[in-house]
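Chain by chain, the residues:
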Amino acid sequence: MIHDSDSIKHFCGVAGVFCENDEDIPAQLFYSLFALQHRGQESCGIAYRRDGKTIVYKDLGMVSQVLSHYLEKPRSSKVGIGHVRYSTNGGNKLENAQPIVVECNKGTIALAHNGNISNTTALKQHLFADGSIFQTSSDSELILHLISRSRAGDFHSALVETLQRVEGAYSITMIHDNRLIVIRDPHGFRPLYLGWKDGMYAAVSETCALDILGISEYRAVEPGEIISISADGINSEFLPRRTPQAQCVFELIYFARPDSDIFDHSVHAARKRMGKALAAGDDAVGDVVLPVPDSGNSAALGYAEASGVPFELGLTRNHYAGRSFILPTKSARELAVRMKLHPVKHVIEDRSVILVDDSLVRGTTARSLVRLVREAGAREVHLRLCSPEIRWPCFFGIDIPTRGELISNHLSNAQIAEYIDADSVRFLSIESLRGCLENHKDFCYACFSGNYPIKVPLGPDSDLPRYRLISATIPSRFCSAAPMVSAPSYWSLASLQTGVPWELILLQCVSTTLPLVELNLFSFWTTLPAAQLTRQCSKALLQELLKDVNRLDVCLAAVKPQRCRICTVRMRLTLRGSLLAW
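Treat the numbers as computed from the prediction; the structure is a model and nothing was measured.

What follows is about helix α4 (residues 140-149). In terms of burial, α4 is a largely internal element, 8 of the 10 residues being buried. What α4 keeps buried is the set Ser 140, Glu 141, Leu 142, Ile 143, Leu 144, His 145, Leu 146 and Ile 147. Among the structural elements, β5 (100-104), β6 (107-114), α3 (120-129), α5 (155-163) and β7 (171-176) are those in contact with the buried residues of α4.

What follows is the structure, given as structure tokens:
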């Protein structure tokens with residue numbers, strides 16, 4: 001998936017190192033975080049103990065930019081932690097960069113956190129009422145406030161008490177004085193691993209960060225486990241609260257590096273199985289399978305093996321383009337896609353292409369990708385996604401938009417295909433996804449199904465349509481031309497609430513070609529099948545459209561003038577049921 005405003009954004013990555021003898025801890029953290037850079041590119045930082053003090057350095061930017069000076073000379077230490085951040089809760093500001101270091105009545109504490117605290121609002125309200133002052137907008141700071149304000153007599157008791165109050169996802173590395181503490185929430189939402197070698201212990205979000213340190217012996221930190229490592233040895237215990245596991249399946253679909261092992265799965269092997277499952281029963285006839293680099297590579301390999309269609313690297317990625325920005329115009333957003341990916345024309349030209357990607361969010365990037373492949377000469381483009389339709393937001397560390405912004409909540413697969421100009425679109429089913437995982441009951445699928453493992457602050461569904469308009473006809477008294485017109489309709493959905501009878505639903509025809517206006521009321525334009533624009537109004541069709549709808553969800557429509565030479569149609573339903581002129 002291309003990392004822009006249309007993609008699901010990364011989590012964060014954490015690291016922690018403890019050595020029995022003095023080592024260059026900042027350098028070890030640099031390499032660990034460099035391997036975890038894919039998990040967050042907005043800010044990074046490290047904290048380590050030296051001469052009885054906790055030293056912290058963090059800034060906005062990539063690991064190679066912010067922390068490279070730590071490779072210039074050794075800095076001896078025994079313990080340190082690090083963090084790479086993508087802001088899922090709290091904006092991209094320096095004050096939100098981690099690790100967070102505080103001094104309080106429980107001693108000096110440094111914390112790096114991956115995940116989201118789902119009961120943040122309730123906890124913050126309670127702390128504000130008690131007079132707490134927050135210096136960041138990150139939910140990670142809540143943990144430190146709760147530890148400090150705990151009435152428990154010692155740090156460890158305060159930590160356990162705090163962890164039983166917070167809900168949601170947290171994989172944490174922490175320094176308390178000269179001790180490294182490693183924690184994973186009881187559901188195990190986020191991955192966390194502990195490795196060891198020659199008196200050095202390293203806790204990291206993914207095993208690829210252990211590989212770069214030359215550590216081959218490791219194990220997963222268990223859900224609900226608290227590990228404490230110090231000069232006195234290593235100690236493990238579990239939170240009293242034990243719950244069913246709910247490991248994030250999107251780690252395997254997209255986030256984790258393919259060379260990592262997480263949740264007892266090889267990421268690469270899991271994605272290949274997803275690609276094979278996606279190919280099963282697929283009736284698309286393709287000449288070549290192309291991955292969308294890089295997260296689509298493994299799944300495309302699996303798809304090609306199962307289908308027998310040749311695998312080709314038909315899209316080359318510019319690894320120096322960096323992250324795409326949230327750009328203001330459509331042309332600029334399309335240019336950002338072209339900066340990242342470029343087609344290999346001789347692979348694509350005059351072929352039917354199976355394009356394999358990890359997931360689909362709003363659809364705008366997919367539309368640019370399909371256009372890129374078509375411009376390279378593809379005869380057909382069939383988009384295949386190795387995840388189910390994303391329909392629900394995440395409260396455990398993924399930056400998924402609201403339900404109204406997710407294209408699969410508005411359009412069927414066929415309608416999505418028309419919107420992005422593909423010949424077909426197909427998703428992996430939830431059942432097939434589960435079949436790719438040996439311990440499938442231990443995963444969270446809430447972003448696909450809406451079945452959350454814990455209570456979440458889910459907002460109302462007022463931004464969702466209660467029906468989809470399939471086709472419409474124009475009353476003859478509003479039609480300015482006699483011939484029948486067939487043209488694609490471009491519809492947008494909003495929440496104007498009204499109870500208009502069908503007689504007052506009017507379609508206004510204009511003989512001139514008015515420009516298509518993108519309304520700010522909506523998150524995106526949706527494309528529906530070709531509408532039959534005739535001289536006769538179908539009462540039965542409109543009655544079917546409004547059947548069982550007490551509060552009408554709006555339809556504002558416009559036919560693209562370049563596709564229809566006779567008329568441009570716009571319909572507006574108001575709160576009072578009257579037609580307003582534009």
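The strand order across the open sheet built from 4 strands is β17-β20-β21-β22, with neighbouring strands paired in parallel fashion. Of all strands in the sheet, those bounded by a partner on one side alone are β17 (288-291) and β22 (424-427). Across the sheet, the mean angle separating the axes of adjacent strands is 20° when strand polarity is ignored. Where strand β20 (residues 352-357) meets strand β21 (residues 380-385), 6 bridges bridge the pair, whose relative direction is parallel. When the bridges of β21 are listed, Asp 357 appears paired with Leu 385. Those strands touched by helix α9 (residues 297-307) are β17, β20 and β21, and its axis lies near 165° from that of β17. Against the sheet, helix α13 (residues 413-420) touches β21 and β22, its axis set at about 130° to β22.

Looking now at the packing of aromatic side chains. Counting across every chain of the model gives 13 aromatic pairs. Centre to centre, the rings of Tyr 193 and Tyr 218 are 5.8 Å apart; their planes meet at 80°, and the pair counts as edge-to-face. Pair noted here: Tyr 193 is in strand β9 (residues 193-197) and Tyr 218 is in strand β11 (residues 217-220), with a separation of 25 residues, a long-range link. Classification of Tyr 218 as partly exposed rests on a relative accessible area of 29%. With 4.9 Å between their ring centres and 50° between their planes, Tyr 254 and Phe 255 make a pair best called tilted. Judged on exposure class, the residue Tyr 254 and its partner Phe 255 are both buried. Feature note: the residues Phe 189, Phe 395, Phe 396 and Tyr 452 constitute an aromatic cluster, connected by ring pairs. Here Arg 403 stacks its cationic end above the ring of Trp 392, 3.6 Å away from the centre of that ring. A cation sits over an aromatic face here: Arg 434 above Tyr 445, 4.5 Å from the ring centre.

Another aspect to go through is unusual backbone geometry. What is expected of a backbone is that most residues other than glycine have negative phi and most peptide bonds are trans. A cis amide bond links Gln 98 to the next residue, Pro 99, at an omega of 10°. In this fold, Pro 99 is placed in the loop between β4 (76-85) and β5. For the bond running from Pro 293 to Asp 294, omega is -5°, close enough to zero to count as cis. Note that Asp 294 resides in the loop between β17 and α9. Backbone geometry at Asp 350 places phi at a positive 60°, although glycine is not the residue there. Asp 350 gets classed as exposed once you look at its relative accessible area, which sits at 54%.

Looking now at the sheet that holds strand β10 (residues 200-204). What the 7 strands build is an open sheet, ordered β3-β2-β4-β1-β10-β9-β11; its pairing is antiparallel. Edge positions in the sheet fall to β3 (53-60) and β11, since each of these pairs with one other strand and no more. Across this sheet, the average inter-strand angle for adjacent strands is 15°, counted without regard to direction. Set on the sheet, helix α1 (residues 25-35) makes contact with β1 (13-24), β2 (43-50), β4 and β10; between it and β1 the angle comes to about 150°.

Scanning the model with the defined rule gives 15 salt bridges in all. Between Asp 22 and Lys 78 there is a salt bridge, with the nearest N and O atoms lying 2.9 Å from each other. Of the two residues, Asp 22 sits in strand β1 while Lys 78 sits in strand β4, which places them 56 residues apart along the sequence. For Lys 78, a relative accessible area of 34% translates into the label partly exposed. For Arg 362, the salt bridge identified is with Glu 405, shortest N-O distance 3.0 Å. One end of the pair, Arg 362, is in the loop between β20 and α12 (364-375); the other, Glu 405, is in the loop between β21 and α13, with 43 residues separating them in the sequence.

The buried count for strand β12 (residues 225-230) comes to 6 of 6 residues, which makes it a mostly enclosed element. Both strand β8 (residues 179-184) and β12 contribute to a ladder of 4 bridges, which runs antiparallel. Within β12, the residue paired with Leu 180 across the bridge is Ile 229. Between the antiparallel neighbours β12 and strand β13 (residues 233-238) lie 2 residues.

Attention now goes to the side chain of Asn 119. Within the secondary structure, Asn 119 sits in the loop between β6 and α3. By relative accessible area, Asn 119 is classed as buried at 13%. Contact partners of Asn 119, with chain neighbours within four places excluded, come to Arg 165, Val 166 and Glu 167.

We now examine a negative patch on the surface. A cluster of acidic residues, Asp 211, Glu 222, Asp 261, Asp 264 and Glu 438, forms a negative patch at the surface. Among the secondary structure elements, Glu 222 is positioned in the loop between β11 and β12.

With that settled, the discussion passes to the state of the cysteines. In this structure the tally under the stated criterion is 0 disulfides. Of all cysteine sulfurs in the structure, the one in Cys 248 sits closest to Cys 447, which takes part in no disulfide; the separation is 6.6 Å.

This next bit is on the side chain of Ser 32. With respect to the secondary-structure elements, Ser 32 resides in helix α1. Overall, Ser 32 belongs to the buried group, its relative accessible area being 1%. Of the polar contacts made by the side chain of Ser 32, one reaches the backbone oxygen of Gln 28; its length is 2.9 Å. If sequence neighbours within four positions are ignored, Ser 32 has contacts with Ala 15, Val 204, Ala 209, Ile 212 and Leu 213.

This part covers the pairing of β21. Taking burial as the measure, the 6 residues of β21 include 5 buried ones, the bulk of the element. By the bridge criterion, 4 bridges tie β21 to β22 in an arrangement that is parallel. Looking at β22, one finds that His 382 is bridged to Ser 424. Taken together, β21, α13 and β22 constitute a β-α-β crossover, and its handedness is right-handed.

For the pair α3 and α4, the least separation of the axes is 11 Å and the interaxial angle reads 45°. Taken together, the axes of α3 and α4 lie oblique to each other. Pair α3 / α4 crosses with left-handed handedness. Contacts from Thr 120, Leu 123, Lys 124 and Leu 127 of α3 reach α4 at Leu 142, His 145, Leu 146 and Arg 149. Tallied by class, residues from the contact of α3 with α4 come to 4 nonpolar, 2 polar and 2 charged.

Scoring rules and cut-offs
- Residues numbered from 1 in each chain as written.
- Predicted model: local features only at pLDDT ≥ 70, side-chain atom pairs only at ≥ 80, totals over all residues.
- Heavy atoms only, no water.
- Buried < 20%, exposed > 50% of the residue type's maximum accessible area, 1.4 Å probe, protein only.
- Helix = DSSP H or I, 4+ residues; strand = E, 2+ residues; numbered from the N terminus.
- Contact = heavy atoms within 4.5 Å.
- Pairing = 2+ DSSP bridges.
- Axes fitted to C-alpha atoms, helices over the stretch in contact; angles between N-to-C directions.
- Phe/Tyr/Trp six-rings, centres within 6.5 Å; stacked < 30°, edge-to-face > 60°.
- Lys NZ or Arg CZ within 6 Å of the ring centre and 35° of its normal.
- Salt bridge = Lys/Arg side-chain N within 4 Å of Asp/Glu carboxyl O.
- Patch = residues over 30% accessible without salt bridge, like charges linked within 9 Å, V, L, I, M, F, W, Y side chains within 5 Å.
- Areas by Shrake-Rupley, 256 points an atom, 1.4 Å probe, with all protein chains shown as cover.
- Lys, Arg positive; Asp, Glu negative; His and termini not counted.
- Charge placed at Lys NZ, Arg CZ, Asp CG, Glu CD.
- Disulfide = S-S within 2.5 Å.
- Polar contact = N/O pair within 3.5 Å; in protein donor to acceptor, adjacent residues only side chain to side chain.
- Right-handed = clockwise from strand over helix to strand, strands pointing away.
- Parallel < 35°, antiparallel > 145°, perpendicular 65-115°, else oblique.
- Left-handed = near helix turned anticlockwise from the far one by under 90°.
- Nonpolar A, V, L, I, M, F, W, Y, C, P; charged D, E, K, R; others polar.

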